[in-house]
Structure formats: C-alpha cells, structure tokens
Amino acid sequence: MLETRWHVLGAGAIGSLFALGLHRSGCTTTLVMRSDAKARFLAVKVEREAHCSEVRLPAITSQDRAHISHLLVTTKAYDVQTAVAGIAHLLDEHCVVLLLVNGMGLARQLNDAWPHLDVYCGTTTEGAYTLAPQHIRHAGRGETRIGRSGQGEAPAWFGQWKQVTDNCLWDSDIDAALWSKLAVNCIINPLTALHGCRNGELAENSALKSQVEALCDEVATISRAAGFAAVADTLKPTVCGVIAGTADNRSSMLQDVSRGRQTEIDYINGYLLQVAEQLGIPAPHNRSLLERIHNRAP
Ligand code: KPL
C-alpha cells in the first residue's frame with residue numbers, strides 16, 4: 001500500500017486522537033499549527049484507561065514551505081473556512097481534504113470556495129477530551145464513518161484508514177451518517193453543556209432522561225421530514241448507545257462552555273432549526289436549547 005502523508009489541521013481532542021492513529025498506522029503525520037506557533041515538533045499524549053501513549057510529531061505553520069496532499073480537518077465547525085483559507089497556498093491542486101467536524105454543510109462551503117479540492121466528510125463517535133494542549137483522554141471508543149455524497153466506492157487512500165481507529169468504515173450514504181451524528185449532537189451536546197454533566201448522566205438522572213426523550217421525538221420528526229427516515233426510526237436507541245459508549249466523556253460543547261469558548265451550537269442545533277423552518281416544523285425544544293446556550297452566563 002502506498003504510504004500517504006497526512007497533515008492534521010486542528011490539534012484538539014479529536015485531532016490529537018486521529019493524529020496518533022494515523023502515525024501508528026504508518027502514515028507520515030504532521031500537525032498544522034497556528035501561525036504564531038514556534039515548536040517544530042510536538043508531543044501528542046493520549047491516555048486510554050490506565051495507559052498513556054506519547055508520540056512526537058512534526059509541526060508546521062502557514063509560514064512554512066510545505067506541500068499538503070492529504071489534509072484532515074478537525075477544527076471547530078466555525079473555524080473550518082478561515083483555517084483552510086490560511087493554508088490554501090500549501091495545498092496541492094487536488095488535495096484530499098477530509099472534514100471530521102461537527103455540523104453539516106461545510107463540505108459544500110469548501111467546494112464553493114476551492115472547487116479543485118477533493119473534499120470528503122467523516123463523522124466519529126469516538127469520545128475524547130483535552131487535558132492540556134495535545135494531551136487528551138480517550139474516554140470512549142466509537143465508530144468513524146467516512147464518505148462523499150454520491151460516491152459509492154472508497155478511494156485508494158481509505159485503505160489505510162481501517163488501521164487508524166478500531167472501527168472505521170467507508171459509508172456510501174455519508175449524508176445519512178452526518179445527519180445521524182448531527183441528530184445525536186443536537187441532543188447530547190447542549191444538554192451536557194447546560195447541566196455541566198458527563199454524557200453518562202443523561203441516562204442516569206430522571207429529569208435529564210425525560211429531556212432526552214422529548215428531544216429525540218422532536219429531532220426524529222424533523223429527520224423524517226428531511227428525508228432521513230432510517231435515522232428517525234432508530235434515533236432513540238442510537239442516542240442511548242452513544243450515551244452509554246461515551247458515558248465518561250465530557251461532550252465537546254461542555255468542554256467549550258467550561259473554557260468560556262465559542263460553541264458549535266449554530267452548526268448543530270442551529271442547522272437543524274434552519275431545516276425545520278424550511279420544512280415548516282416547529283422545534284421548541286431545540287430552539288430553547290439554542291437560546292439557552294447563546295444566553296448562558298459567561
Ligand atoms: O460528538 C460528540 C461530542 O462531544 O461532540 C459525542 C459523540 C457526543 C461525544 O461526546
């Protein structure tokens with residue numbers, strides 16, 4: 001198999017986890033850091049149960065001379081466009097760009113701005129949170145799906161990805177997978193962020209359990225109307241499965257709120273609300289979550 005060189009843009013929890021996975025699978029893996037970063041190598045530490053793995057990976061910034069042929073983007077949804085624009089001069093003409101980012105609609109935005117890029121989408125339910133920069137805890141094993149709208153066959157570079165995580169598959173219906181992840185994030189992320197709890201508490205506390213139920217019903221109705229009936233039919237067991245599988249995790253939105261950072265709520269519940277509005281479906285539970293996250297005390 002041809003060795004592929006991957007660059008990882010966005011070395012947060014998921015970026016660090018996949019950078020380690022790519023390195024371990026035999027890919028030359030380089031972190032792309034902000035333009036003011038000085039380090040040429042960075043230690044990436046991943047704690048999993050009682051073990052800690054550490055690797056030193058090369059790091060570049062937009063000011064370096066580099067050719068990027070395969071780019072994994074794991075930034076926040078609201079940073080994708082600006083972060084890619086910042087390194088656009090380093091990207092090969094038909095650079096493969098794999099977006100492993102929460103939310104939907106971002107691949108289209110990238111393709112509109114840079115039509116020559118070869119953009120793919122991915123979604124993961126791996127649970128990971130940051131302990132310090134590039135030092136993370138892998139708190140829950142999940143599944144990663146990769147695909148491109150309308151593309152049935154996996155490209156050659158995907159062969160390597162089966163070794164990057166334990167559970168990675170090519171999905172010929174990636175839009176449904178992205179929607180399914182969006183639906184899960186609409187429920188788990190704002191609730192854990194507002195209640196300051198780990199994912200698992202959503203299944204333990206009865207008041208939170210009934211909020212999960214009500215949200216599942218609302219999101220399922222919108223999903224069905226949006227053409228994702230299979231997602232709607234299995235939403236409750238899917239959400240329960242992700243809560244159980246990532247029980248010990250602090251959701252990405254909880255991590256953002258705890259650090260006083262911008263959240264991805266506009267790309268998650270905000271996107272769902274836009275679709276609901278276009279379809280004429282009321283979504284009071286989602287609207288209330290969006291407003292409460294926007295209006296939360298700093
Ligand atoms: O995607 C996640 C997130 O936190 O953004 C889940 C799957 C809910 C794991 O926490």
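Calculation notes
- Residues numbered from 1 in each chain as written.
- Predicted model: local features only at pLDDT ≥ 70, side-chain atom pairs only at ≥ 80, totals over all residues.
- Heavy atoms only, no water.
- Helix = DSSP H or I, 4+ residues; strand = E, 2+ residues; numbered from the N terminus.
- Rg over C-alpha atoms; globule rule 2.2 N^0.38 Å.
- Buried < 20%, exposed > 50% of the residue type's maximum accessible area, 1.4 Å probe, protein only.
- Contact = heavy atoms within 4.5 Å.
- Areas by Shrake-Rupley, 256 points an atom, 1.4 Å probe, with all protein chains shown as cover.
- Domains from an automatic or database assignment.
- Buried area = accessible area lost by both parts, 1.4 Å probe.
- 1 Å grid on protein atoms, 1.4 Å probe; cavity = no way out; pocket = protein on both sides within 12 Å on 5 of 7 lines; lining within 4 Å.
- Points joined across faces, edges and corners; volume = space filled by probe spheres on them.
- Nonpolar A, V, L, I, M, F, W, Y, C, P; charged D, E, K, R; others polar.
- Arc of directions from axis to C-beta.
- Axes fitted to C-alpha atoms, helices over the stretch in contact; angles between N-to-C directions.
- Parallel < 35°, antiparallel > 145°, perpendicular 65-115°, else oblique.
- Near = heavy atom within 4 Å.
- Polar contact = N/O pair within 3.5 Å; in protein donor to acceptor, adjacent residues only side chain to side chain.

1. Digging into the overall build of the chain
(1) Moving on: A tally of helices and strands in the chain yields 12 helices and 11 strands.
(2) Moving on: Expected size for 298 residues packed as a compact globule is a radius of gyration near 19 Å; at 19 Å, the chain falls within 12% of this value.
(3) Moving on: Projected onto the principal axes, the alpha-carbon positions of the chain cover approximately 50 × 40 × 35 Å.
(4) Moving on: Sorting the 298 residues of the chain into buried and exposed places 53% on the buried side.
(5) Moving on: Taking as baseline every contact in the chain between residues at least 6 positions apart, the subset at least 24 positions apart corresponds to 66%.
(6) Moving on: Counting every atom, the chain has about 13,400 Å² of accessible surface; 49% of that belongs to carbon and sulfur.

2. Some details on the domain arrangement of the chain
(1) Moving on: Once the domains are mapped, the chain shows domain 1 (5–172) and domain 2 (176–294).
(2) Moving on: Distance from the C-alpha centre of domain 1 to the C-alpha centre of domain 2: 24 Å.
(3) Moving on: Between domain 1 and domain 2, the contact holds 23 residues from the first and 25 residues from the second.
(4) Moving on: Overall, the association of domain 1 and domain 2 removes approximately 2,000 Å² of surface from exposure, summing both partners, and the carbon and sulfur fraction of that is 58%.
(5) Moving on: Ranking the residues of domain 1 by area buried against domain 2 places Tyr78, Asn102 and Met104 at the top, with a combined share of 36%.

3. What about empty space enclosed by the protein?
(1) Moving on: Taken as a whole and judged by the stated rule, the model has one cavity of 30 Å³ or more.
(2) Moving on: Volume-wise, the largest cavity comes out at about 60 Å³.
(3) Moving on: Lining the largest cavity are Val101, Asn102, Gly103, Gly122, Thr123, Leu178, Lys181, Leu182, Asn185 and Ile268.
(4) Moving on: Those elements giving two or more residues to the lining of the largest cavity turn out to be β7 (118–124) and α5 (174–195).
(5) Moving on: The dominant element in the lining of the largest cavity, judged by the number of residues it contributes, is α5, at four residues.
(6) Moving on: When the residues that make up the lining of the largest cavity are grouped by side-chain class, the tally is four nonpolar, five polar and one charged.
(7) Moving on: Two domains share the lining of the largest cavity, each providing at least three of its residues, namely domain 1 (5–172) and domain 2 (176–294).

4. A short note on helix α3 (residues 106–113)
The α-helix advances 3.6 residues per turn, and as a result positions three or four apart in sequence lie on the same side.
(1) Moving on: Among the residues making up α3, those that are buried are Leu106, Ala107 and Leu110. Burial along α3 is one-sided: seen end-on, the buried residues are contained in an arc of 105°. Exposed residues pointing more than 90 degrees away from the buried face of α3 are listed as Arg108 and Asp112.
(2) Moving on: Tucked into the core, α3 has its buried residues touching α2 (80–87), β6 (91–100) and β7.

5. Overview of the packing of helix α7 (residues 206–225) against helix α12 (residues 284–294)
(1) Moving on: Where α7 contacts α12, the axes come no closer than 8 Å and their chain directions differ by 115°. Viewed along their axes, α7 and α12 adopt a mutual orientation that is roughly perpendicular. Along its contact with α7, which presents Ala214, Leu215, Glu218 and Val219, the element α12 presents Pro284, His285, Asn286 and Leu289.
(2) Moving on: Its residues placed into classes, the contact of α7 with α12 shows five nonpolar, two polar and one charged.

6. Description of the site of the ligand
(1) Moving on: As a structural note, the neighbourhood of the ligand is formed by Asn102, Lys181, Asn185, Ile188, Asn189, Asn199, Val242, Asn249, Ser251 and Ser252.
(2) Moving on: Between the ligand and Lys181, the relevant distance is 3.0 Å, taken from an oxygen atom to a side-chain nitrogen or oxygen of the residue.
(3) Moving on: One of the side-chain nitrogen or oxygen atoms of Asn189 is found 3.1 Å away from an oxygen atom of the ligand.
(4) Moving on: Alone, the ligand offers 280 Å² of accessible surface; in the complex the protein occludes 95% of this.
(5) Moving on: No other element matches the four residues that α5 contributes to the shell around the ligand.
(6) Moving on: Here the shell around the ligand is built from residues that sort into two nonpolar, seven polar and one charged.

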